[in-house]
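Each chain is listed here by its residues.
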Amino acid sequence: MFLHQLDLTTALRPSLLPEETLLFVQDAVGLYEGKFKIAQYQNGQAYLTSHRVCYVDHDEPRKCSVAINLKHVERSEFYVWAAGFFMKSSPKITLYPKPLKRLSRGPPATTQSPVATTPKRRGSPAPAPATAPSATWVCPICSFSNPVPSNFDPATANAHTPLPPCLACGIKPPLVLVVKAAIASMRNRQAPGPPPKDDRNGVSPASNTFGGGNSSSGSGSTSCPRCTFQNHPSLHVCEMCGASLQSAADKRLEAARGITRSESPGPSLNTSPLQNETVESIKLSFRGGGEKIFYERLKSALVQRKWLLQSAPPIPKPRPSSGVFDESYSSSTSPTAEDLDRNKVIGIAGLERRGLEQRRNNEAVIGNAFEDLEALMTSAKEIIALAERFASQANIGGGNGNGSSEATALASQSASALSLVTTKDMLGSGSGSESLYVSELSRNLAEWLTDDTHGVLRREGGIMTLVDLWAVFNRARGGVELVSPTDFEKAARMWDTLRLPVRLRKFKSGLLVVQGRDRTDEKTIASLLAWLKELHYISPANDVRWDWQTYGRGVTAQETAERFGWSVGVATEELEMAEESGALCREQGLDGLRFWENWLVHV
């Protein structure tokens, strides 16, 4: 199946495969299957990765999102059509599946059964829809009459059928022009009629009458209904009097085309693309620009074919003793005699030898990776892992505080998510490029916050300030493509519009915090009251003058922050919110501000 269902993340972005990287993003994209529009797939975002071309619908992302594996694409074509100011078509990129995906299509559909076609093959070698030798088409550029190829079959002709160029100007004709000329020639050659033909050219007596209307001769000419002049079948108006040469059927066809043209350039296909296993081609219609960059990076991805590296063996590593690469890589675990001798060394000498081998391996990796850009991109994963290991060793040596080490560890763990980050060079140019960048940054933020492997919100107790999140996010990007505070705030405010699982909350004091969408004030108050009730069973560290088992004790913002993992500012805002709701009350004393259970409401 050429098209398959796409799995999305919590931020409604494509879930990337292992070793898959994001290359480009473009909005205002629609899908076509052949010449037909695919209904409900006309307003979405196209994601180009190193392995796939993904479409995520704007209205129904969970239902109408599909992907195409680049390993199933045989070739791609870029199409731009501009016929004037009043007729325009959006640029399109066509993806054709490999021949193995089209084997089930079989031969072109025909109305005759195989039993009926067998005698014809024995009787005459030429096929039934053969084009008349005298069929010609008029070049729309230089008006030169060119012959239609003898092997041209209008029944099976499509966009991939090779057409000869004009013999005068060398411009290839449109497919519709050649098909019309071939059909008109066959219709004139096979026109039924009882009058016998009086010559070899097949001219019937009825064709020479003046009242024949729109009659045609056997040579393919069309008779004018006004002056009976024999015109070329490719002409639409008479060369003598200027009258229209369209028949009634052609006029009905033009009227029908006019109706569909007012809605869209192509007819719609109401069936789901996932139900059709035999797809001729898939087109991506770019209505908001960005098609040129998308096509260039698509061609690069098809040439690089990074999906072949998923199950590839590791890169041969140099031997520690000689520094020469071992080309005879084997996945067997049987150790050699040299490995056994090296593994026998234990104690301090073994540790020193292991450290020496690791340093040599690091030198070889760094030296080979920085030879050129291609080698660096190939060894990017190893270089990132090596940099993280160096950073962790530096942090262990420096060790200036628990909070600093946790933040650095969070930043280093988040470095693996850099392949999901959307930068400005991944987006198309146009009037909506700025809004597209903000929306993709908003999805990237939500995906990064809800990722269980990083646990950014979980480390902060489910809520953190927007300023802290901005600092941690920019630190995780490693100093590349840093996000400005303005863009960061715009992206955070779009979470509600995009219906993402996180939201931006503003306290009464104006403090902006980020929290999960399932987190409400009622749940926060319930957790605070449950903690205060636990203090009824825990004796205080110092002697108190009240019955702590009955009334409990008050808590400060610092104690609340340590209890729930919040910052002190967030803890203060949450306690004041609970106080405004009537669940808590405050005590202003010499030792500071404390919050108690509100026993006044029970008096």
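Details of the structure are given in the entry above.
Residues numbered from 1 in each chain as written. Predicted model: local features only at pLDDT ≥ 70, side-chain atom pairs only at ≥ 80, totals over all residues. Heavy atoms only, no water.

**Structural notes on the sheet that holds strand 15 (residues 463-465)**
Note the following rule: Any two strands with at least two DSSP bridges between them are considered paired. Where helices and strands are cited, they refer to DSSP runs of H or I of at least four residues and of E of at least two residues respectively, numbered from the N terminus. For helices, the fitted axis covers only the stretch in contact; all axes are lines through C-alpha atoms, and the angles between them, taken along N-to-C directions, range from 0 to 180 degrees.
Across the sheet, which stays open at both edges, the three strands sit in the order 15-17-16 with antiparallel pairing between neighbours. A strand with exactly one partner marks an edge of an open sheet, and here the two such strands are strand 15 and strand 16 (502-506). Strand after strand, the sheet turns through a mean of 30 degrees between neighbouring axes, direction not considered. With five bridges connecting them, strand 16 and strand 17 (residues 512-516) associate as antiparallel partners. Residue pairing for strand 17: L504 is matched across the bridge by V514.

**A look at unusual backbone geometry**
Of note in the backbone geometry, E19 takes a positive phi value of approximately 65 degrees without being a glycine. With a phi close to 55 degrees, R499 is a non-glycine residue in the positive phi region.

**Structural notes on the environment of D518**
Under the convention used in this document: Each residue's exposure class comes from its accessible area (1.4 Å probe, protein chains only) as a fraction of the maximum for that residue type: buried when under 20%, exposed when over 50%, partly exposed otherwise.
Note that D518 resides in the loop between strand 17 and helix 15 (521-534). The exposed category is assigned to D518, whose relative accessible area is 57%. Distance in space between the C-alpha atoms of D518 and R503 is 9.3 Å, their sequence separation being 15 residues.

**Some details on the packing of aromatic side chains**
Two numbers describe a pair of aromatic rings. These are the distance of the centres and the angle of the planes. The cut-off we apply is this: Whether two aromatic rings pair depends on their centres lying within 6.5 Å, for rings of Phe, Tyr and Trp, where Trp uses its six-membered ring; planes under 30 degrees apart make the pair stacked, over 60 edge-to-face, and the rest tilted.
Throughout the structure, instances matching the rule amount to nine aromatic pairs. An angle of 75 degrees between the planes, with centres 6.0 Å apart, marks the rings of F24 and F294 as edge-to-face. Within this pair, whereas F24 is found in strand 2 (residues 22-33), its partner F294 is found in helix 4 (residues 291-304), the two being separated by 270 residues in sequence. Across this residue pair, the class does not change: F24 and F294 are buried. Plain terms: the ring middles of Y41 and Y55 are 5.9 Å apart, the flat faces sit at 40 degrees to each other, and that makes the pair tilted.

**Concerning helix 10 (residues 433-450)**
The criterion, for reference: To estimate the expected span of a helix, count its residues, drop one, and scale the result by 1.5 Å.
Between the first and last C-alpha of helix 10 there are 26 Å, a value that for 18 residues agrees with the 26 Å anticipated at 1.5 Å per step. Among the 18 residues in helix 10, 14 count as buried, and that is most of the element.

**Quick notes on the pairing of strand 5 (residues 52-57)**
Strand 5 sits mainly inside the fold: six of its six residues count as buried. Both faces of strand 5 are covered, namely the face carrying R52, C54 and V56 and the face carrying V53, Y55 and D57. Where strand 4 (residues 44-49) and strand 5 come together, five bridges link them in antiparallel fashion. Bridge pairing links L48 to V53 in strand 5.

**Examining empty space enclosed by the protein**
Note the following rule: Cavities and pockets were defined on a 1 Å grid built from protein atoms only: a cavity is a group of points that admits a 1.4 Å probe but offers it no way out, a pocket is an open group of points flanked by protein on both sides within 12 Å along at least five of seven lines, and a lining residue is one with an atom within 4 Å of any such point. Grid points are joined across faces, edges and corners, and a volume is the space filled by probe spheres set on the points. Note on residue classes: Ala, Val, Leu, Ile, Met, Phe, Trp, Tyr, Cys and Pro are nonpolar, Asp, Glu, Lys and Arg are charged, and everything else, Gly too, is polar.
Under the counting rule described, the total for this entry stands at two cavities of 30 Å³ or more. What the second largest cavity holds in volume is close to 40 Å³. If you go around the second largest cavity, the residues you meet are L3, L31, V53, C54, Y55, V66, A67, I68 and L284. Listed by contribution, the elements that provide at least two residues to the lining of the second largest cavity are strand 5 and strand 6 (65-69). Its residues assigned to classes, the lining of the second largest cavity shows nine nonpolar, no polar and no charged.

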